[in-house]
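# Breakdown of the fold
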Amino acid sequence: MRGSQRYWQHAQLLRRFREDTGTSVLAWINRERVDRAKVLLETTDHGTTDKAAMVGFGSAETLRRNFRKNVGVTTVNYRAQYRAENTGAR
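Residues numbered from 1 in each chain as written. Predicted model: local features only at pLDDT ≥ 70, side-chain atom pairs only at ≥ 80, totals over all residues. Heavy atoms only, no water.

Here we take up the pattern of salt bridges. Under the criterion given, the structure shown has 2 salt bridges. Residue Arg16 pairs with Asp20 through a salt bridge whose shortest N-O separation is 3.2 Å. Residue Arg16 and its partner Asp20 are located together in helix α1 (residues 2–21), separated by 4 residues, close to a single helical turn. Given the relative accessible area of 56%, Asp20 is considered exposed. Note that Arg83 is salt-bridged to Asp45, the shortest N-O span being 2.6 Å. Within this pair, whereas Arg83 is found in helix α5 (residues 75–87), its partner Asp45 is found in the loop between α2 (25–43) and α3 (48–55), the two being separated by 38 residues in sequence. By relative accessible area, which is 34% here, Arg83 ends up partly exposed. (Salt bridge = Lys/Arg side-chain N within 4 Å of Asp/Glu carboxyl O. Helix = DSSP H or I, 4+ residues; strand = E, 2+ residues; numbered from the N terminus. Buried < 20%, exposed > 50% of the residue type's maximum accessible area, 1.4 Å probe, protein only.)

Take a look at the structure:
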């Protein structure tokens, strides 16, 4: 009985999260990780593998895939665009 209660509480929590945020827990977490990666791209020269580990992705490829999915550009293009836009302002 306890195991089935935990399952239903877990399922209810996931359902409530989706209703409140419009997204799944995993999608929300990945979006947060990508937002943190954006800051690292803007402020550091760490390699993609290091940035992936810093934000909680298991590999550079996973960071790249999620970054492109959420931002619409590659990490390399994002950094280049950011630097081009902010170099001229100094």
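This part is about the nonpolar core. One recurring pattern in soluble globular proteins is that nonpolar side chains are buried together. One finds Val34, Ala37, Leu40, Leu41, Ala52, Val55, Phe57, Leu63, Phe67, Val73 and Tyr78 forming the largest nonpolar core, which totals 11 residues. Tallying contributions element by element places α2 first for this core, with 4 residues. Residues in contact with Ala52, not counting those within four places in the same chain, are Phe57, Ser59, Ala60 and Leu63. (Core = buried A, V, L, I, M, F, W, Y, C linked by side-chain atoms within 4.5 Å. Contact = heavy atoms within 4.5 Å.)

In contact at an axis separation of 9 Å, α2 and α5 are set at 55° when each is read in the N-to-C sense. If you check the angle between α2 and α5, you find them oblique. You can see that α2 and α5 cross each other, and the crossing is right-handed. Across from Lys38, Leu40, Leu41 and Glu42 in α2, the residues of α5 making contact are Thr75, Tyr78, Arg79, Tyr82 and Arg83. Of the residues that constitute the contact of α2 with α5, the class distribution is 4 nonpolar, 1 polar and 4 charged. (Axes fitted to C-alpha atoms, helices over the stretch in contact; angles between N-to-C directions. Parallel < 35°, antiparallel > 145°, perpendicular 65-115°, else oblique. Left-handed = near helix turned anticlockwise from the far one by under 90°. Nonpolar A, V, L, I, M, F, W, Y, C, P; charged D, E, K, R; others polar.)

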